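# Inside the fold
Chain residues, written in single-letter form:
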Amino acid sequence: MAYRCNDQWDKVTWRSHLAGARSAVPAQQRIAEARALAGVAASLPLPETVCCYVPFGTEPGSVALVDMLRNTGARVLLPVIPPRPDALDWAEYTGTAALVPGRLRGVLEPSGPRLGVSAVRSAGLVLLPALAVDHLGVRLGRGAGYYDRTLAHVAPDTALVAIVRDDELVERLPAEPHDIRMTGALTPSRGLVRLPV
Ligand SMILES: Nc1nc2c(c(=O)[nH]1)N(C=O)[C@@H](CNc1ccc(C(=O)N[C@@H](CCC(=O)O)C(=O)O)cc1)CN2
Ligand SMILES: Nc1ncnc2c1ncn2[C@@H]1O[C@H](COP(=O)(O)OP(=O)(O)OP(=O)(O)O)[C@@H](O)[C@H]1O
């Protein structure tokens, strides 16, 4: 389903529609999309350090994508959820054997040393989970503000790429002053779309 330009929906309404649509995606399609995303991610120019995430629930992406990044020789950092709503902490991904359930919803996190909130500054590319991203680069997340706070710590030239399903790259989302714009979206069919478009 493609989302039409919709100025009436607030962030909460968008989140509920997007989550509902994700739940309706058949498992086979989910697998095909995850495989396509790993393929397009493999063609990205990769810097020395990349921040990524381990998807949970219906989120697009896969551990296979994270493994692919690491297999190219990149240093891959994954988020560690802090005890209070704050910027994310980070730890290096050293393989699936060192992933353990984190403090929210059992989202998998690396068990190795915590590198601190400023570790994100060493990344040339941050791949972010998102419910949707719009043509201006406005990203809609889960609403806890972890990534908003985190992005305040990235280096100025860092590529910020949200991983979304094709229909989740939408024309316009509600934006707030604290929303830091994405420089791209990674989608299964269109690959890397540079933003704004
Ligand atoms: N894969 C992945 N990792 C991530 C994020 C993410 O969105 N996806 N985050 C992005 O910030 C951070 C974790 N943020 C999270 C925010 C909310 C919930 C959660 O369970 N939310 C409930 C509703 C609220 C609640 O019960 O507290 C939900 O979604 O049902 C989980 C993780 C860091 N790691
Ligand atoms: N830089 C910041 N410093 C402090 N609070 C912030 C900052 N950015 C966002 N917040 C707060 O975080 C909350 C959630 O913000 P928002 O709805 O934009 O989350 P999101 O980007 O969709 O989700 P997430 O970042 O968890 O993926 C808001 O209440 C907002 O006031």
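Residues numbered from 1 in each chain as written. Chains lettered and ligands numbered in written order. Predicted model: local features only at pLDDT ≥ 70, side-chain atom pairs only at ≥ 80, totals over all residues. Heavy atoms only, no water.

## Let's talk about the pattern of salt bridges
Any two side chains of opposite charge can pair if their charged atoms end up close together. Applying the stated criterion across every chain yields a total of six salt bridges. Where E33 meets R165, a salt bridge forms, and the shortest distance between an N and an O atom there is 2.8 Å. In this pair, E33 sits in helix α2 (residues 27-42) while R165 sits in the loop between β9 (159-163) and β10 (169-170), placing the two residues 132 residues apart along the sequence. Accessibility classification places E33 together with R165 in one group, the buried group. Measuring nitrogen to oxygen at the nearest pair gives 2.8 Å for the salt bridge that ties R142 to E59. One end of the pair, R142, is in the loop between β8 (139-140) and α4 (146-151); the other, E59, is in the loop between β1 (49-51) and α3 (63-71), with 83 residues separating them in the sequence. Overall, R142 belongs to the partly exposed group, its relative accessible area being 47%. Each member of the salt-bridge network shares a partner with another, and the members are R22, E33, R165 and E168. (Salt bridge = Lys/Arg side-chain N within 4 Å of Asp/Glu carboxyl O. Helix = DSSP H or I, 4+ residues; strand = E, 2+ residues; numbered from the N terminus. Buried < 20%, exposed > 50% of the residue type's maximum accessible area, 1.4 Å probe, protein only.)

## As for unusual backbone geometry
Cis rather than trans, the peptide bond between L195 and P196 has omega equal to 0 degrees. Note on placement: P196 falls in the segment after β12 (191-194). The phi dihedral of R105 is positive, around 55 degrees, even though this residue is not glycine. Examined against the element boundaries, R105 turns out to sit in the loop between β4 (99-101) and β5 (108-110).

## Structural notes on the site of ligand 2
Looking at ligand 2, there are 15 residues lining it, with R139, G141, G145, D148 and H178 nearest. Between ligand 2 and A144, the relevant distance is 3.1 Å, taken from an oxygen atom to a main-chain nitrogen or oxygen of the residue. G145 has a polar backbone atom sitting 2.8 Å from an oxygen atom of ligand 2. Its residues assigned to classes, the shell around ligand 2 shows four nonpolar, four polar and seven charged. (Near = heavy atom within 4 Å. Polar contact = N/O pair within 3.5 Å; in protein donor to acceptor, adjacent residues only side chain to side chain. Nonpolar A, V, L, I, M, F, W, Y, C, P; charged D, E, K, R; others polar.)

## Digging into helix α1 (residues 11-23)
Note that an α-helix has 3.6 residues per turn; residues three or four places apart therefore point the same way. The end-to-end C-alpha distance of α1, which contains 13 residues, comes to 18 Å, matching closely the 18 Å that a straight helix rising 1.5 Å per residue would cover. What α1 keeps buried is the set K11, W14, R15, L18 and R22. The buried residues of α1 occupy an angular sector of 100 degrees when projected down its axis, which confines them to one face. Seen from the buried face of α1, the exposed residues on the opposite side, beyond 90 degrees, are V12 and S23. Buried positions along α1 lie against α2, β7 (132-134), β8 and β10. (Expected span 1.5 Å × (residues − 1). Arc of directions from axis to C-beta. Contact = heavy atoms within 4.5 Å.)

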